[in-house]
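Chain by chain, the residues:
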Amino acid sequence: MLLDDLANRCGEWLRGSGPDSDIVMSSRVRLARNLADFPFIRRCTDIDRANIAATVHQRLSTIAEFNEATFFDVNDLETIDRQFLVERQLISRELADSEGARTVAIDQLENLSLMVNEEDHLRIQVMKSGFSLHEAWSQINHVDDVIEKQMTYAYHQKLGYLTACPTNVGTGMRVSVLVHLPALVLMQQIEKVFRSFQKINLAVRGLYGEGSQAMGDFFQVSNQITLGKTEEDLIKQVGDVVPALITYERKAREQLIRDNQQKLFDQVSRAYGTLQNAQQISSEETMHLLSKVRMGINLGLIGDLEIPTINKLFIHTQPAHLQKISGMALDTANRNIERANYLHTQLRRTMDN
Amino acid sequence: MNCQKCHKPATFHITDLTGDELLALHLCADCAKEYLNPEEDESQIDAPTLTNLLTKQLKLGQTAEELAELDNKECPICGITFFEFRQEGRLGCPYDYTHFADELEPLLVNVHAKIEHVGKTPKQGAYDAESQTELIRLRREMKKAIETEDYEAASKLRDQIRQIEEKG
């Protein structure tokens, strides 16, 4: 598998299928694991890091679960390729930006990714389209069992799986759902919802994790506690708020239509028009407008455009993707022009049909 | 003119004196409100950083001398001091959870409320914590021996490491 082959595909998190996928984009589970016979990453020498990367690659490439996976040496990748993997949510910014021996294994379907030498020796992640936390957990649980047969994890009788940061100790598990909540944002209800989540120990982040803005009205809801609860409890803790969130967002959408359908239709149409006709456009503005159009399609206000097309545009208009697709290295100003061109072509084509 | 932050029409034109420089801003009503009345970042309040949490916790009921002594406490396996952990918020090796157990416990209670793992356990029964941490320690000592050009010690350490690795 080559990175360039991925560029024209959508990737799992924006496939836009699965249960309640008009609101829940994707479900994700990640496990933090460390090898027992090495120090944690911050105290690793260059040799330790290289040893860890080599050991993991050697032991895992022989087993069935990783047969079809591709191992990328992140240190050897160009900056744009690293950014490309971050945009696809296959590696973290931390792994992209750090130094020294580090790798990622990615399976064909882009469901599974295994980062080596991130904050912990191993960060295993499984991502599924739509609201599918249980499927994600059962896959990652199996992968974890298989890896554990190949190497000894740092594990403590009382504290569970040991992690570099004490905030991840115990299960080492982060469960998250990526939700699209444009109506709650428009109604200025979003803060209220998230404040109530924080009270029950759920964290809310933007699309690209910690510290990132809530781009395009996408939010990630995840557990904060990792110790003293079972994995099933954590799945339930995050999963339990999702139906309520879906109800709030649907109600907010209905309310927007009831209050002033014409105004909403106007906003959606203007967003659509700008995306079709802009001559230069930033990725932030693109996300913002695509979000409105996505809601417009879901509400039946736009009839000539399909959700998968919009989902694809969310990722293809990101800086690294745009450059990969156009096959050129572009600075910000030129990207804005190329992005407008790309949107123009993609959205005009749908109109002409 | 459009708002510098969000591209909506700018209706507020603000000139701000920051340090010695004049800063001209053109903002829409929403962004201007946010600029003039910055709300505190909620995520910062509700998810205090680990290092802040630690500092706050340590200041309670400890004298400066006790703190200094604690900061100097060093893990015999990976060599990290408590001070380094406090600064970076990341531990140095699995054994730190044992060596700094008393210091970490209040922090774990603060973050997780509970301190006993009840989830999944590794199925492999043959886990031997002692020989694993021993490996971390020996590798570190070997590196030090090489650095100080004590090759005799280094080669002894290498043999010891090989012995443990072969057993595992």
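Parameters and conventions
Residues numbered from 1 in each chain as written. Chains lettered and ligands numbered in written order. Predicted model: local features only at pLDDT ≥ 70, side-chain atom pairs only at ≥ 80, totals over all residues. Heavy atoms only, no water. Domains from an automatic or database assignment. Contact = heavy atoms within 4.5 Å. Buried area = accessible area lost by both parts, 1.4 Å probe. Salt bridge = Lys/Arg side-chain N within 4 Å of Asp/Glu carboxyl O. Polar contact = N/O pair within 3.5 Å; in protein donor to acceptor, adjacent residues only side chain to side chain. Pairing = 2+ DSSP bridges. Helix = DSSP H or I, 4+ residues; strand = E, 2+ residues; numbered from the N terminus. Axes fitted to C-alpha atoms, helices over the stretch in contact; angles between N-to-C directions. Nonpolar A, V, L, I, M, F, W, Y, C, P; charged D, E, K, R; others polar.

(A) Region of interest: the domain arrangement of chain B. Residues and elements named next belong to chain B. What the domain assignment lists for chain B is domain 1 (12-64), domain 2 (73-112) and domain 3 (129-167). With 7 residues of domain 1 at the contact, the number on the domain 2 side is 11 residues. Between domain 1 and domain 2, the buried area comes to about 770 Å², and carbon and sulfur atoms account for 73% of it. Across the domain 1-domain 2 interface, the total number found is 0 salt bridges. In this assembly, domain 1 and domain 2 are joined by 0 residue pairs in polar contact (both at pLDDT 80 or more).

(B) View of the sheet that holds strand 5 (residues 122-129) of chain A. Residue and element names in this part refer to chain A. Read across the open sheet, the 8 strands follow the order 2-3-4-5-1-8-10-9; overall the sheet is antiparallel. The open sheet is flanked by strand 2 (70-73) and strand 9 (202-205), the only strands paired with a single partner. Within the sheet, the average angular offset between the axes of one strand and its neighbour, ignoring direction, is 20°. Where strand 3 (residues 103-106) meets strand 4 (residues 112-116), 4 bridges bridge the pair, whose relative direction is antiparallel. Note on strand 4: the bridge partner recorded for Ala105 is Leu114.

(C) Inspection of the interface of chain B and chain A at higher detail. Residue-level contacts link 44 residues of chain B with 49 residues of chain A. The junction of chain B with chain A conceals about 4,000 Å² of combined surface from both sides, 56% of it contributed by carbon and sulfur atoms. Here chain B is connected to chain A by 6 salt bridges. Residues Lys120(B) and Asp144(A) are paired through a salt bridge, measuring 2.7 Å at the closest nitrogen-oxygen approach. The interface formed by chain B and chain A includes 19 residue pairs in polar contact (both at pLDDT 80 or more). Elements represented by at least two residues in the side of chain B that touches chain A include exactly helix 2 (42-46), helix 5 (82-88), helix 6 (96-99), helix 7 (101-112) and helix 8 (129-147) of chain B. Taken together, the residues of the side of chain B that touches chain A break down into 19 nonpolar, 12 polar and 13 charged.

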